[in-house]
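# Coordinate analysis (summary)
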Amino acid sequence: MRPISRRSLLAATFLAAAATTSCAAGPLPPPLVEPGPGAVALNTRARHKGLFYGCALNDDTLTKDPATLARIEAECGIVVAEWSFKWAAIHPKIDKYDFTSADALMAWAGKQKIQVRGHALVWHEALPDWLPETLNAGNGEKLLTDHIHTVAGRYAKRLAHWDVVNEAINVEDKQPGGLRNTIWLRALGPAYLDIAFHATAVADPQALRVLNEYGTDYAIDWQERKRGALLDLLSNLTHRRVPIQAVGLQAHLDAAETALDQKILARFIADIASMGLKVLITEFDVRDDRLPADIASRDTAVADHGRAWLDAVLPNPAVLGVLSWGISDRHSWLNDKYPRADGLAQRPLPLDEDLNRKKLWSGIAASLDAAPARGTPSRT
Ligand code: G3I
């Protein structure tokens, strides 16, 4: 008989302790989680509560970074492609689909028994050049429906969720309902959302249908307006029985933002849940470009901020799980979008560039451990 490894012993000890905790009343165990190599992985902790943990990955990670891929395999139960399922990647010409990259990711994930979430069937970015020149009121419904039937149909029964519509709200565009003024809205009006959700329900009835959004995290004016517009949109869609099932909150956080109000966040999640919708945290990361350079204090601020945000959200049973937008500081979109003035790389993710677990890893672990156990196992 194989000797029990330290890791399995640790895992068993953790799960036994957590099981006792989640059943017994009384105080939770001390939340501090040692981020050492032996600590139980994030998805193991998540699944124990009926949640999931995962991350985004891109072609380079899949094909050129086996060390990072191995860590994703160890820490994650679900992944999302940073690029491969987007229009520009998968539908490069009006009469040509290219599934090479998406198929490669699906093949790897299938081998690893890791779930995949699709991202995104409708967005105003990452569009192939031919689309904006072609799309109009006359052909829009067929173009959109054909794309969704082709792409979502190809992976039917194999995806946990689809981000059916990504980033539909932008109150500053002054459109009815606070909708973002995109090529989709201009061609089809607000009905583009109905068309997309109905087409996805036909193409892949099994994948959870998600409306994904950013900028709903803080008690600041534009985000309060955005939360309000999103809730109104969700109410409109659900009352009209548009087949939306969940909301994705991207959670691109900012460690320097002081307006993190846990009560407002918890209320927002409860308002979404009250419409019978589930909630997923889909692109979690914590930018640190507005913090001083010192790594130890940056890591602490990022971890404390990220955990405080998760602690406000994970207690609601409508929340199904968390994906971070990447797993390690080796690669983050934030370095392009918000480069630090001192030229240092940002540290927004659970692992550092050497793939060691950071304080943010511990913060996520602690928040997962503190979350109430869901009655049913997670969708991954
Ligand atoms: O253009 C090349 C393409 O020719 C090549 O085939 C492909 C191979 O991977 O790479 C492409 O390069 C870039 C791609 O990222 C690589 O992953 C694209 O030029 C670049 O535009 C693309 O940026 C992505 C961006 O979305 C736009 O799609 C970022 O990586 C990705 O992190 C970012 O993610 C978005 C979410 O989808 C929605 N929420 C916000 C989030 C951050 O902007």
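This text goes with the structure placed above it.
Residues numbered from 1 in each chain as written. Predicted model: local features only at pLDDT ≥ 70, side-chain atom pairs only at ≥ 80, totals over all residues. Heavy atoms only, no water.

As a structural note, the neighbourhood of the ligand is formed by 14 residues, with Glu82, Lys86, His119, Glu283 and Trp325 the closest of them. The side chain of aspartate 59 places a nitrogen or oxygen atom 3.1 Å from an oxygen atom of the ligand. Here an oxygen atom of the ligand sits 2.7 Å away from a polar atom, N or O, in the side chain of histidine 119. Relative to its unbound accessible area of 780 Å², the ligand is 60% covered by the protein chains. Of the residues contributing to the shell around the ligand, the split by class is five nonpolar, four polar and five charged. (Near = heavy atom within 4 Å. Polar contact = N/O pair within 3.5 Å; in protein donor to acceptor, adjacent residues only side chain to side chain. Areas by Shrake-Rupley, 256 points an atom, 1.4 Å probe, with all protein chains shown as cover. Nonpolar A, V, L, I, M, F, W, Y, C, P; charged D, E, K, R; others polar.)

Unfilled space is identified by rolling a water-sized probe across the atoms. Size it by volume and the largest pocket reaches roughly 740 Å³. If you go around the largest pocket, you meet 33 residues; those closest to its centre are Gln250, His252, Trp333, Lys337 and Tyr338. Listed by contribution, the elements that provide at least two residues to the lining of the largest pocket are α11 (221–239), β7 (252–254), β8 (278–287) and α14 (334–337). Within the lining of the largest pocket, the residues separate by chemical class into twelve nonpolar, eight polar and 13 charged. (1 Å grid on protein atoms, 1.4 Å probe; cavity = no way out; pocket = protein on both sides within 12 Å on 5 of 7 lines; lining within 4 Å. Points joined across faces, edges and corners; volume = space filled by probe spheres on them. Helix = DSSP H or I, 4+ residues; strand = E, 2+ residues; numbered from the N terminus.)

Across all of its chains, the model carries 22 salt bridges by this definition. Here arginine 117 and aspartate 163 are joined by a salt bridge, their closest N and O atoms 2.7 Å apart. Placement of the pair is arginine 117 in strand β3 (residues 115–122) and aspartate 163 in strand β4 (residues 161–166), with a sequence separation of 46 residues. Like arginine 117, the residue aspartate 163 is buried in the burial classification. Arginine 240 is paired through a salt bridge with aspartate 194; the nearest N and O atoms lie 2.4 Å apart. Taken together, the positions of arginine 240 in the loop between α11 and β6 (246–249) and aspartate 194 in helix α10 (residues 191–203) put the pair 46 residues apart, joining distant regions of the chain. Accessibility expressed as a relative area gives 43% for arginine 240, which makes it partly exposed. Its relative accessible area of 15% is what places aspartate 194 among the buried residues. Taken together, the salt bridges that share partners define one network made up of Asp254, Arg287, Asp289 and Arg290. (Salt bridge = Lys/Arg side-chain N within 4 Å of Asp/Glu carboxyl O. Buried < 20%, exposed > 50% of the residue type's maximum accessible area, 1.4 Å probe, protein only.)

That is the geometry; function is a separate question.
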